[in-house]
Amino acid sequence: MEPVYVIGAGMTAFGTIDQSLTELAEEASFEAMKQSHCLDQRVDHLVVGSQNPDEFVGTGHLSTLLADRLGIVPAGATRVETGPSSGSSAFEVAYTMIASRHSDLVLLVGVEKMSEVNRGTASKILSKMMSYENETRYGATPTALAAIIARRYMHDYDLTRDDLSLVPVKAHRNGAKNPLAHFQKEITIEEVRTARIVAEPLTLFDCSPTSDGAASIMLSSEEWVKNLGVKDQAVKVLGFGHGTDHHAVQHRLSLTSLGATVIAAENAFQMANLSPRDVDVCELHDAFSILELVNMEDIGLANRGKSIELVRGGRTEVFGDIPVNTTGGLKARGHPTGATGVAQIHDIYNQLIGQAPKGLQVDSPRIALTQNIGGFGNNICVGLFGV
Ligand code: COA
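The structure contained in this document is the topic of the report that follows. The model shown is predicted, which means the values in this text are computed figures rather than measured ones.

## So, the sheet that holds strand β11 (residues 379-386)
Then, number 1: Read from one edge to the other, the open sheet built from nine strands follows the order β3-β2-β4-β7-β1-β8-β11-β10-β9, with strand pairing classed as mixed. The strands lining the two open edges of the sheet, one partner per strand, are β3 (76-80) and β9 (281-283). Each strand of the sheet is rotated relative to its neighbour by a mean of 25 degrees, with strand direction disregarded.
Then, number 2: The strands touched by helix α4 (residues 86-99) are β1 (4-11), β2 (45-49), β3, β4 (105-113), β7 (212-221), β8 (235-244), β10 (367-374) and β11; relative to β2, the strand with the most contacts, the crossing angle is about 160 degrees.

Following this line, the structure appears as structure tokens:
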């Protein structure tokens, strides 16, 4: 297979943003094109990750619209959707195009604008990714399913409320230093515990917000890394895994493990010939605080029921030995669903080239991992990147 490199990245601020869906995608994409010296190059293909643009803002046919707005016609253009892992699945398509020697330069953009609809409508749109027969018809939302997982995990592993709060406290501590994060404010354990309940036992601060935002990366073949003279800023794609699980949570083998993560991580590590011990920094899908703990265990970064020990011991902090979600994660950086997977790669890319925001740079990382969940825990991607 042809080696594939990330050679530039761009991202908008995440939050409640005035710009339209297309303006957000344009801003992030032009930044990635500029940083990779590709503004006046012939881009072979545009791949767009977006979960529900038709329903959140009423925009259809997004891939062609963006190819036109970005000035890259007649490049091929494709939109990919796998729920909140749409950005990572779009990356998989872009990666495969270059690895298979179909293309040399592929632009990837992930985008979502969720603030134009009210809370009830946003929840209804997001809940469509869940099983109607088994979950949505009974009023379940993603937060309700995460709450069931949290309860079971707390019961099985004696996790306390204040232990769980350490996860969002860390996320907000990192987000406070990230100028693009949705929330740039630190919070305390006390604030998490006493915040309003969203779905018992999860409070407001256990949940990621609904955000607007876009992130973009440029992918290149080895030959074009040379042609463009961007070797010093090229990060290699080392591995990628993608797995699914049964649609409804009640049909899965476990409540405290996501089988799709396990298989995606195994495949990614096998492809890269690496193990969890090799990872220097990672971005995990903490849409709800409990998921950060479950994800670490499913990937093999911690033993079952023990991930909280790493959090408690400071090992997942920016200056720890296994930093997790250094730019705030979905909790504080924000979660414009289709953009999240690309934002994770954007942030990992900046870590690996030493350009993370001030106070968030990990000491000389060489191997980085991303994990992005689609559906409610049933369509999951894991990526490995290195310098
Ligand atoms: N964390 C921290 N603060 C949050 C927040 C969050 N997740 N969500 C909203 N806020 C803040 C807002 O900034 C606002 O603050 P302000 O009053 O200082 O301006 C305040 O809380 C009210 O915001 P609002 O949007 O009205 O809150 P809400 O109660 O309607 O929504 C949630 C809160 C948690 C229910 C909503 O963010 C949610 O549904 N999150 C989950 C999204 C989801 O399921 N994503 C898919 C996962 S795979």
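## Some words on the packing of aromatic side chains
Then, number 1: Throughout the structure, instances matching the rule amount to five aromatic pairs.
Then, number 2: On the numbers, 5.4 Å between centres and 50 degrees between planes, the contact of Phe91 with Phe240 is tilted. With Phe91 in helix α4 and Phe240 in strand β8, this pair connects stretches of sequence that are 149 residues apart. Both residues of the pair, Phe91 and Phe240, belong to the buried class.
Then, number 3: Members of the aromatic cluster, each reached through a chain of ring pairs, are Phe91, Tyr95, Phe240 and Phe385.

## Notes on the side chain of Glu2
Then, number 1: As for its placement among the helices and strands, Glu2 is situated in the segment before β1.
Then, number 2: Within the structure, the side chain of Glu2 is placed 3.2 Å from the side chain of Arg101, a separation counted as a polar contact.
Then, number 3: Beyond its immediate chain neighbours, meaning those up to four positions away, Glu2 contacts Ile98, Ala99, Arg101, Ser221, Glu222 and Glu223.

## Notes on helix α1 (residues 21-35)
Residues spaced three or four apart along an α-helix point in a common direction, a consequence of the helix completing one turn every 3.6 residues.
Then, number 1: The terminal C-alpha atoms of α1, which comprises 15 residues, lie 22 Å apart, in line with the 21 Å expected from a rise of 1.5 Å per residue.
Then, number 2: Taken residue by residue, α1 has Leu21, Thr22, Leu24, Ala25, Glu26, Ala28, Ser29, Ala32 and Met33 as its buried positions.
Then, number 3: In this fold, the buried residues of α1 make contact with β1, α2 (53-57), α3 (62-69), β4 and β7.
Then, number 4: Just downstream of α1 lies His37, where phi reads positive at about 60 degrees.

## What about the nonpolar core?
Then, number 1: Ranked by internal contacts, the top residues of the largest apolar core, which has 36 residues, are Val6, Val47, Phe91, Ile217, Leu219, Val237 and Phe385.
Then, number 2: The set of elements that each furnish at least two residues to this core consists of β1, α4, β4, β7, β8, α14 (337-352) and β11.
Then, number 3: Beyond its immediate sequence surroundings of up to four residues, Leu219 is in contact with Val4, Tyr5, Val6, Phe91, Ala94, Tyr95, Ile98, Asp104, Leu105, Val106 and Val237.
Then, number 4: Within the second largest apolar cluster, 31 residues are counted, among which are Leu330, Ile373, Phe376 and Ile380.

## What about the environment of Thr188?
Then, number 1: Turning to its location among the elements, Thr188 is positioned in the loop between α7 (161-175) and α8 (189-194).
Then, number 2: Thr188 gets classed as partly exposed once you look at its relative accessible area, which sits at 39%.
Then, number 3: For the pair Thr188 and Thr82, spaced 106 residues apart in sequence, the C-alpha to C-alpha distance is 34 Å.

Each value, and the rule that gives it
Residues numbered from 1 in each chain as written. Predicted model: local features only at pLDDT ≥ 70, side-chain atom pairs only at ≥ 80, totals over all residues. Heavy atoms only, no water. Pairing = 2+ DSSP bridges. Helix = DSSP H or I, 4+ residues; strand = E, 2+ residues; numbered from the N terminus. Axes fitted to C-alpha atoms, helices over the stretch in contact; angles between N-to-C directions. Contact = heavy atoms within 4.5 Å. Phe/Tyr/Trp six-rings, centres within 6.5 Å; stacked < 30°, edge-to-face > 60°. Buried < 20%, exposed > 50% of the residue type's maximum accessible area, 1.4 Å probe, protein only. Polar contact = N/O pair within 3.5 Å; in protein donor to acceptor, adjacent residues only side chain to side chain. Expected span 1.5 Å × (residues − 1). Core = buried A, V, L, I, M, F, W, Y, C linked by side-chain atoms within 4.5 Å.

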